[in-house]
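Each chain is listed here by its residues.
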Amino acid sequence: MDGDEATANAPTTPAVSVRDLKIGYGSRVLLEGASFDVWRGEILVILGGSGCGKSSLMKNMIGLYQPMAGDVLIAGESIVRAGSTQRARLQRGLGVMYQAGALFGSLTVLENVRFPLDEFTDIGLEQKNLIARMLLHQVEMADAQSLMPAELSGGMLKRAGIARAMALGAEILMLDEPSAGLDPITAANLDRTILGLRDSLGLTFVVVTHELQSILEIADRAVMLDADARRIIAEGVPSELRDRSGDERVRQFFNRRPDAPAISRGS
Ligand SMILES: Nc1ncnc2c1ncn2[C@@H]1O[C@H](COP(=O)(O)OP(=O)(O)OP(=O)(O)O)[C@@H](O)[C@H]1O
């Protein structure tokens, strides 16, 4: 048996691989020794309390910031060590939605979704409009294409942001706090859309959130960060982390207990 050949042909390259990553700002370290994989078609959630570095981790994963040490591989290629051309190519395979959807206020919803195609492709206008409408249809926003962002509800802004993140055909979507600021029903509907996109298009999602309900609903796996430990303190299936984690900090999070000391709250 040819082991090398088997390895080369095995469909085991993660969509994203985070390897011994150390991140921070200036001399301040937020997280170190972080390693995990995101598999194709998987929804992986990054969770943890406020300020533990979830968004910063995501920004390092998409090559927006340079980590202090370690590596991030996108489909096997390092986005950390990539030159600018290679990095731009890798980034085009990553669709990113920032917290508020970040739409341009002076453009219609359709124009916002079309924007990456206007910027990065030579496709004709009719074709681009067709793609943008199709994307809006996929996020259940077909009727809103002519509206301005100011006319949209919070949930609609997020949906339009997701459609725009998909415009260049990204297979990996990174969503920063998609349910933040949404009422529970709107958040649940958005969760359903995210699951639908994964199921119908096979997209891979990395979702930063601390919305417990959302985590339990959509995540195949979660990695949990902790500000004090500056490490990943848990990784696994959310319901198993909730029910079986031996770590009090993890149980506190999943059982919605406030930031009480991990000890002394027992019986
Ligand atoms: N560009 C930056 N320069 C310096 N410090 C930053 C920068 N961005 C974030 N920070 C700091 O890093 C820490 C982690 O921030 P980050 O936004 O990554 O956390 P988070 O877990 O996503 O928080 P939240 O859940 O509140 O959004 C915070 O103390 C923040 O002030």
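On a predicted model such as this, the values are computed, not experimentally measured, just so you know.

Undergrad: Describe the environment of histidine 210, and please don't skip the residues or the numbers.
TA: Of note, histidine 210 is situated in the loop between β8 (204–208) and α8 (212–218). The exposure class of histidine 210 is partly exposed, given its relative accessible area of 31%. Spatially, the C-alpha atom of histidine 210 lies 9.0 Å from that of valine 45, the residues being 165 residues apart in sequence. In contact with histidine 210, other than residues within four places in its own chain, are Gly48, Lys54, Glu177, Ile215 and Phe253.

Undergrad: For the side chain of serine 245, give the residues involved together with the corresponding values.
TA: Position of serine 245 relative to the elements: it lies in the loop between α9 (238–244) and α10 (248–254). Take serine 245: its relative accessible area is 14%, and that puts it in the buried class. For serine 245, the side chain forms a polar contact with the main-chain nitrogen of aspartate 247, separated by 3.0 Å. The contacts of serine 245, once residues within four sequence positions are left out, are Glu240, Val250 and Arg251.

Undergrad: Mind laying out the sheet that holds β8, listing which residues take part and the relevant values?
TA: Pairing is mixed in the open sheet, where six strands are placed in the order β6-β7-β8-β3-β9-β10. Each edge of the open sheet is held by one strand with a lone partner, namely β6 (94–97) and β10 (231–236). Across the sheet, the axes of successive neighbouring strands diverge by a mean angle of 15°, strand direction being ignored. In this sheet, β10 lies alongside strand β9 (residues 221–226) in antiparallel orientation, the contact comprising five bridges. Residue pairing in the sheet places leucine 225 in a bridge with isoleucine 232 of β10. Along the sheet, helix α2 (residues 54–61) makes contact with β3 (43–47), β6, β7 (172–176), β8 and β9, crossing β7 at roughly 155°.

Scoring rules and cut-offs
Residues numbered from 1 in each chain as written. Predicted model: local features only at pLDDT ≥ 70, side-chain atom pairs only at ≥ 80, totals over all residues. Heavy atoms only, no water. Helix = DSSP H or I, 4+ residues; strand = E, 2+ residues; numbered from the N terminus. Buried < 20%, exposed > 50% of the residue type's maximum accessible area, 1.4 Å probe, protein only. Contact = heavy atoms within 4.5 Å. Polar contact = N/O pair within 3.5 Å; in protein donor to acceptor, adjacent residues only side chain to side chain. Pairing = 2+ DSSP bridges. Axes fitted to C-alpha atoms, helices over the stretch in contact; angles between N-to-C directions.

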